[in-house]
Amino acid sequence: MYIIRDAMEKKYKIITYGCQMNIHESEKAAGILEDMGYRETQDEKQADLILFNTCCIRDNAEQKAFGNIGAVKHLKKINPNLVIVVMGCMTQQKGETTIFKEKYPYVDIVLGTNNLNMLDTALTKVLANPKRKQYLIDPNDRPEIIEDERVYRTSGTNAWLNIMYGCNNFCTYCIVPYVRGRERSRSMEAIIAEFKSLVKQGYKEITLLGQNVNSYGNDLKDGKSTFAALLSELDKVEGKYRIRFMTSHPKDLSDEVIDIIANGTHLCHYIHLPIQSGSNKVLQKMNRHYTREYYLDRIAAIKAKIPDCGITTDLMVGFPYEEEEDFMDTVDIVRKVGYSSAFTFIYSMRQGTPAATWPQIPEEVSKDRIMRLIKEQNAMTKKLSKEYEGNTYEVLVEDTVEKKPGYVCGRTDFGRLVTFEGEPSLVGQFVNVKINRSQSASLFGEIVK
Ligand code: SAH
Ligand code: SF4
Ligand code: F3S
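None of these values were measured; they are calculated from a predicted model.

1. Topic: the site of ligand 1
As a structural note, the neighbourhood of ligand 1 is formed by 15 residues, with Tyr-173, Gln-211, Gln-276, Asp-314 and Ser-348 the closest of them. A distance of 3.0 Å separates a nitrogen atom of ligand 1 from a polar backbone atom of Tyr-173. A distance of 2.7 Å separates a nitrogen atom of ligand 1 from a polar backbone atom of Gln-211. Alone, ligand 1 offers 540 Å² of accessible surface; in the complex the protein occludes 89% of this.

2. Notes on the nonpolar core
One finds Ile-163, Phe-195, Leu-208, Phe-227 and Ile-302 to be the most contacted residues of the largest nonpolar core, which totals 52 residues. In terms of residue count, the dominant contributor to this core is helix α7 (residues 188-200) (6 residues). Both domains that meet at this core, namely domain 2 (155-268) and domain 3 (303-387), each give it at least three residues. Setting aside chain neighbours within four positions, we find Ile-163 in contact with Ser-185, Arg-186, Ile-191, Leu-208, Leu-209, Val-213, Tyr-216, Phe-227 and Leu-230. Counting residues in hydrophobic clusters, the runner-up holds 25 residues, among them Ala-65, Phe-66, Leu-82 and Val-179.

3. What to know about the pattern of salt bridges
For the structure on display, the rule yields 27 salt bridges. The residue Arg-369 makes a salt bridge to Glu-324 at a minimum N-O spacing of 3.9 Å. Of this pair, Arg-369 sits in helix α13 (residues 363-388) while Glu-324 is found in helix α12 (residues 324-337), placing the two residues 45 residues apart along the sequence. Put simply, Glu-322, Glu-324, Asp-368, Arg-369 and Arg-372 are held in one network by salt bridges that share partners.

4. Observations concerning the packing of aromatic side chains
By convention here, two paired aromatic rings are described through the distance between centres and the angle between planes. Under the criterion given, the structure shown has 15 aromatic pairs. Ring geometry for Tyr-290 versus Tyr-295: centroids 6.1 Å apart, planes at 35°, classification tilted. When sorted by exposure, Tyr-290 lands in the same class as Tyr-295, which is buried. Consider the rings of Tyr-388 and Phe-414, whose centres lie 4.8 Å apart with planes at 20°: the pair is stacked. Placement of the pair is Tyr-388 in helix α13 and Phe-414 in the loop between β16 (407-412) and β17 (417-421), with a sequence separation of 26 residues. Across this residue pair, the class does not change: Tyr-388 and Phe-414 are buried. Among the aromatic residues, those joined into a cluster by ring pairs are Tyr-173, Phe-319, Tyr-321, Tyr-347 and Trp-358. Note that Arg-58 overlies the ring of Phe-345, its terminal NZ or CZ placed 3.7 Å from the centroid. Sitting over the face of the ring of Phe-430, Lys-240 holds its NZ or CZ atom 4.5 Å from the ring centroid.

5. Some remarks on the site of ligand 3
Looking at ligand 3, the residues that line it are Cys-19, Asn-22, Cys-55, Cys-56, Ile-57, Cys-89, Arg-180 and Gln-211. Of the residues that constitute the shell around ligand 3, the class distribution is 5 nonpolar, 2 polar and 1 charged.

6. Here we look at helix α1 (residues 20-35)
In a regular helix each residue adds 1.5 Å, so 16 residues correspond to 22 Å; α1 covers 23 Å between its end C-alpha atoms and thus fits that length. The buried fraction of α1 amounts to 13 of the 16 residues, a majority that puts the element mostly inside the structure. Residue Gly-37 follows α1 closely and has a positive phi angle near 95°.

7. Focus on the sheet that holds strand β6 (residues 135-136)
The strand order β2-β1-β3-β4-β5-β6 describes an open sheet built from 6 strands, whose pairing is parallel. With one partner strand each, in any of the chains shown, β2 (39-40) and β6 form the two edges of the open sheet. Pairing between strand β1 (residues 11-16) and strand β3 (residues 49-54): 5 bridges, direction parallel. Paired with Ile-15 across the two strands is Phe-52, which belongs to β3.

8. Considerations on the environment of Val-151
Take Val-151: it is sitting in the loop between β6 and β7 (158-162). The spatial distance from the C-alpha of Val-151 to the C-alpha of Ser-26 is 8.8 Å, given a sequence separation of 125 residues.

9. Some words on unusual backbone geometry
Cis geometry marks the peptide bond from Met-246 to Thr-247; its omega dihedral reads 5°. By the element assignment, Thr-247 lies in the loop between β11 (242-246) and α9 (255-263). Even without being a glycine, Ser-440 presents a positive backbone phi close to 40°. Turning to its location among the elements, Ser-440 is positioned in the loop between β18 (430-439) and β19 (442-448).

10. As for α7
Taking 1.5 Å of rise per residue, the 13 residues of α7 would be expected to cover 18 Å, and the 18 Å separating its terminal C-alpha atoms lies within 8% of that figure. Among all positions of α7, only Met-188, Ala-190, Ile-191, Ile-192, Glu-194, Phe-195, Leu-198 and Val-199 are buried. After α7 finishes, the residue Gly-202 shows a positive phi value of roughly 100°.

11. Overview of the side chain of Glu-205
Mapped onto the elements of the fold, Glu-205 is located in strand β10 (residues 205-209). One polar contact links Glu-205 to Arg-244, side chain to side chain, over a distance of 3.1 Å. Dropping the residues within four chain positions of it, Glu-205 is found in contact with Thr-157, Asn-158, Ala-159, Arg-242, Arg-244, Leu-396 and Glu-398.

12. A look at the packing of α7 against helix α8 (residues 227-235)
Running from N to C, α7 and α8 point in directions that differ by 30°, and their axes come no closer than 11 Å. Put simply, α7 runs roughly parallel to α8. As α7 runs across α8, the sense of the crossing is right-handed. Across the interface between the two elements, Met-188, Ile-191, Ile-192 and Phe-195 from α7 touch Ala-229, Leu-230, Glu-233 and Leu-234 from α8. Here the contact of α7 with α8 is built from residues that sort into 7 nonpolar, no polar and 1 charged.

13. Regarding the domain arrangement of the protein chain
Each assigned domain of the protein chain is listed here: domain 1 (5-136), domain 2 (155-268), domain 3 (303-387) and domain 4 (392-447). A separation of 25 Å is found between the C-alpha centroids of domain 2 and domain 3. Summed over both sides, the interface of domain 2 with domain 3 buries roughly 910 Å², with 71% coming from carbon and sulfur. Where domain 2 touches domain 3, the interface holds 1 salt bridge.

Criteria and cut-off values
Residues numbered from 1 in each chain as written. Chains lettered and ligands numbered in written order. Predicted model: local features only at pLDDT ≥ 70, side-chain atom pairs only at ≥ 80, totals over all residues. Heavy atoms only, no water. Near = heavy atom within 4 Å. Polar contact = N/O pair within 3.5 Å; in protein donor to acceptor, adjacent residues only side chain to side chain. Areas by Shrake-Rupley, 256 points an atom, 1.4 Å probe, with all protein chains shown as cover. Core = buried A, V, L, I, M, F, W, Y, C linked by side-chain atoms within 4.5 Å. Buried < 20%, exposed > 50% of the residue type's maximum accessible area, 1.4 Å probe, protein only. Helix = DSSP H or I, 4+ residues; strand = E, 2+ residues; numbered from the N terminus. Domains from an automatic or database assignment. Contact = heavy atoms within 4.5 Å. Salt bridge = Lys/Arg side-chain N within 4 Å of Asp/Glu carboxyl O. Phe/Tyr/Trp six-rings, centres within 6.5 Å; stacked < 30°, edge-to-face > 60°. Lys NZ or Arg CZ within 6 Å of the ring centre and 35° of its normal. Nonpolar A, V, L, I, M, F, W, Y, C, P; charged D, E, K, R; others polar. Expected span 1.5 Å × (residues − 1). Pairing = 2+ DSSP bridges. Axes fitted to C-alpha atoms, helices over the stretch in contact; angles between N-to-C directions. Parallel < 35°, antiparallel > 145°, perpendicular 65-115°, else oblique. Left-handed = near helix turned anticlockwise from the far one by under 90°. Buried area = accessible area lost by both parts, 1.4 Å probe.

Now the structure itself:
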């Protein structure tokens, strides 16, 4: 079906960096823009508005965003009416708004992480002002929680659902608590209502989002709203769909939650449980509030109750004070746990965090450690992938494969990506796939009846 678009219709392009939280917030920004009559384009030369949703978790994320914001300056010469918006975590850092004022005066609107709902007012003001003064919104000028947001969803059959915002943990390397504020949980009623509406709309996989999802409800202090209670309630909603959630903090992963996943109907047998480091000395310096022994106990509890559970993690090397033996403790964890995959990072110094004032590890040491760690994890991934060969699993078809016409891909309940022959019409459906072959993290198979 062709939709005839008004030639004068305004177009927007959104460029997103960072985590799922940001991907979802870009969908909310898109919702606002769609309501204002803008339509999406992938071509920035066609765009009347370019929005950068930024991340500052590591230096490279920030440099990339600054580079790309710099690169669109020339487009304003071609189209003087082009509006440039910057939002997301970067804008929320101390002194950041001054940087935009002084170095990027051609950026029209700067929004914080929690006042994205002001995008329409800001945009209306900017468009009404022929002189185009930069419009900076004070990141602290923000409401607690906004409900009934219009979301322009872009993740196909998967939908993101925020259950809470912010983080209270203050891991000593991390910028998130400074740029996203303290934990604020949405009410169970609001979450359940949104969840039911997503199931009704036909989404087949719903991912609950929060920086630390298993501390959900602690701030509500009503004695009822806990992560375990929320999962149980959501699992009762009828239909054929899956529930995932991220990210869980090991310190808050209770037996109750593990039991609910083990006995649930819709809860995926999958858990992302970032350990960061395998060394107790480093964990303590990171302010993670657990030891390697405690973490291994949580893994043992998961494996005992959910034997087919896919487990993934985040690992960091080169944190201040990390010595060779600490690093080897991390390698040991990789060997002991058997993660299906791991996100590996070199520690990046973030201004304003405690670790930024500590002695830093030389870059070549960190680089050497990360290479060794990746090699270790790749070997584990490959070994685990082999174990799936010959078995049949239910797969939710997520997309067609661009480079391989006639093929589609999707995920198993335990989170593995599988590619197989299939019609594009299968997207959004559950099919049984027999795994024939594996190549590192990827599985290949065929549909079986
Ligand atoms: N809230 C989640 C994830 C936050 S950010 C959690 O606590 O697990 C995702 C990952 O980025 C973290 O798990 C950590 O491994 C990494 N990360 C955070 N700050 C970092 C920094 N300063 N340098 C390098 N990696 C970092
Ligand atoms: Fe950052 Fe730690 Fe909070 Fe995760 S739990 S967002 S790593 S401070
Ligand atoms: Fe980045 Fe902000 Fe997410 S710093 S990782 S976009 S919470």
